[in-house]
Structure formats: structure tokens, C-alpha cells
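Observations on the three-dimensional arrangement
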Amino acid sequence: MRAVYPGTFDPITHGHADIVARACRLFSEVIVAITDNPAKRPTFSIEERVEMAQAALAHLPNAAVRPFGGLLVDFVKAQGAQAILRGLRAISDFEFEFQLASMNRHLAPDIETLFLTPDERYAFISSSLVREVASLGGDVSPFVHEKVRDALYQKLR
Ligand code: ADP
């Protein structure tokens, strides 16, 4: 079985990587699908986000990183995957994730959405908080891969 883990990953954090590592134990392949939707106004380009995710996940042999555009369920089918993965940190994630899963089920009833929770060390991290701390000169090395940390300081300081 193959799963797709979609998101903006602007940038990838240890929270995301923890979800991917857990999924790699359950699926034969986990595809991290990075959206190129410009409406999200990401800080990093799609190429930068793909490169950082590849560096952060290099230790996971059955994880792959791919950019994607268009409808997620079409991408999932084109990759020959059966499941969509999302991470749940706190109850505040639930409402949006439930909406998204319900819409994707409506669009593609045979694809399941699965939720994984991260190690509690990472349950409070988000890409936006990491960007904010880095832009103010705070140390983000406990939360992101060293390549991501360097890219954050270069981009934001
Ligand atoms: P999106 O814009 O699609 O929400 P994100 O990159 O912010 O993209 O998040 C992708 C997925 O990873 C979402 O399901 C989100 O809830 C989850 N996620 C984000 N940060 C963490 C974290 N620290 N631990 C676990 N899951 C996370």
C-alpha cells in the first residue's frame, strides 16, 4: 500500500518528519506531496520546499518527495496510492481536517484519509511558528533539520 501525505511544508519541520517516519512503518511507500498552489503565498518556492523535504527525509528509504498541483485526489490516483495521510496536533486541527477529509471522500469515495499524531515533543510546532521564531532570531534547531534552519535564517533575517 502507498500513501500520499499532502501539505504546504513551508518549511518541513520535525513534526512533519515524525509523521512520515511513522507512516513509513505502515506503508510500503509514502509520498510527501508538496502543493505548488500560489494562493497559499508560501515563503519558500516549490523547488526550495522540495529540496528541504528531501534533505529532512533522506534517512527514510521508502519516503519520496514530489511537487503537485491540481486536485489532490487526482494526484493520489495518478500515484497509485490508496490513502491520504494528515497529521493531527490538537483539537484545533480537527475541524478543518474533518472538512477536508469529508470533501475528499465525496470526490473519491475509495480513497481513505488517515490521521497520525506526532511525538508530543512536536505537537506544538507549526511551520508558521518556526518561521516567526527564525525571523526574530530565535533558535529553531530543535524543530527543523539543519539545512532547513540555515535556509530559514538566510531567507528571513
Ligand atoms: P497545509 O497547508 O496543508 O495544512 P502543512 O504543511 O501546514 O500544510 O501541514 C501538512 C499536514 O501536516 C497537516 O495535516 C498538518 O496538520 C500536519 N502537521 C503540521 N505540523 C505538524 C506537527 N508538528 N506534527 C504533526 N502534524 C503536523
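Residues numbered from 1 in each chain as written. Predicted model: local features only at pLDDT ≥ 70, side-chain atom pairs only at ≥ 80, totals over all residues. Heavy atoms only, no water.

Focus: the pairing of strand β2 (residues 29-35)
This is how the line gets drawn: Using a 1.4 Å probe on the protein chains alone, a residue whose accessible area is under 20% of its type maximum counts as buried, one over 50% counts as exposed, and one in between counts as partly exposed. Elements are defined by DSSP. Helices are runs of H or I of four residues or more, strands are runs of E of two residues or more, and each kind is numbered from the N terminus. A strand pair is defined by DSSP finding two or more bridges across the two strands. Seen with the strands pointing away from the viewer, any crossover whose path from the first strand over the helix to the second strand runs clockwise is right-handed.
The buried fraction of β2 is high, at seven of seven residues. Here β2 shows a buried face lined by Glu29, Ile31, Ala33 and Thr35 and a second buried face lined by Val30, Val32 and Ile34. Of the pairings in the sheet, the one linking strand β1 (residues 2-7) to β2 comprises six bridges and is parallel in character. Looking at the pairing, Arg2 lines up with Glu29 of β2. Running through helix α1 (residues 14-24), the crossover from β1 to the neighbouring parallel element β2 is right-handed. Bridge count for β2 against strand β3 (residues 63-68) is six bridges, and the pairing is parallel. Among the inter-strand pairings, Thr35 is bridged to a residue of β3, identified as Phe68.

Side note on the pattern of salt bridges
Note the following rule: Throughout this description, the term salt bridge denotes a Lys or Arg side-chain nitrogen within 4 Å of a carboxyl oxygen of Asp or Glu.
Tallied over the full model, the rule gives 10 salt bridges. Across the salt bridge formed by Arg131 and Asp10, the nearest N and O atoms sit 3.4 Å from each other. Residue Arg131 is located in helix α5 (residues 127-135), and its partner Asp10 is located in the loop between β1 and α1; the two are separated by 121 residues in the primary sequence. Using a relative accessible area of 5% as the deciding quantity, one classes Asp10 as buried. A salt bridge links Glu48 to Lys155, with the nearest nitrogen and oxygen atoms 3.1 Å apart. Here Lys155 lies in helix α6 (residues 146-156) and Glu48 lies in helix α2 (residues 46-56), a separation of 107 residues in the sequence. The exposure class of Glu48 is partly exposed, given its relative accessible area of 31%. According to the relative accessible area criterion, Lys155 is partly exposed, its value standing at 36%. Salt bridges sharing partners connect three or more residues here, namely Arg2, Glu29 and Arg66.

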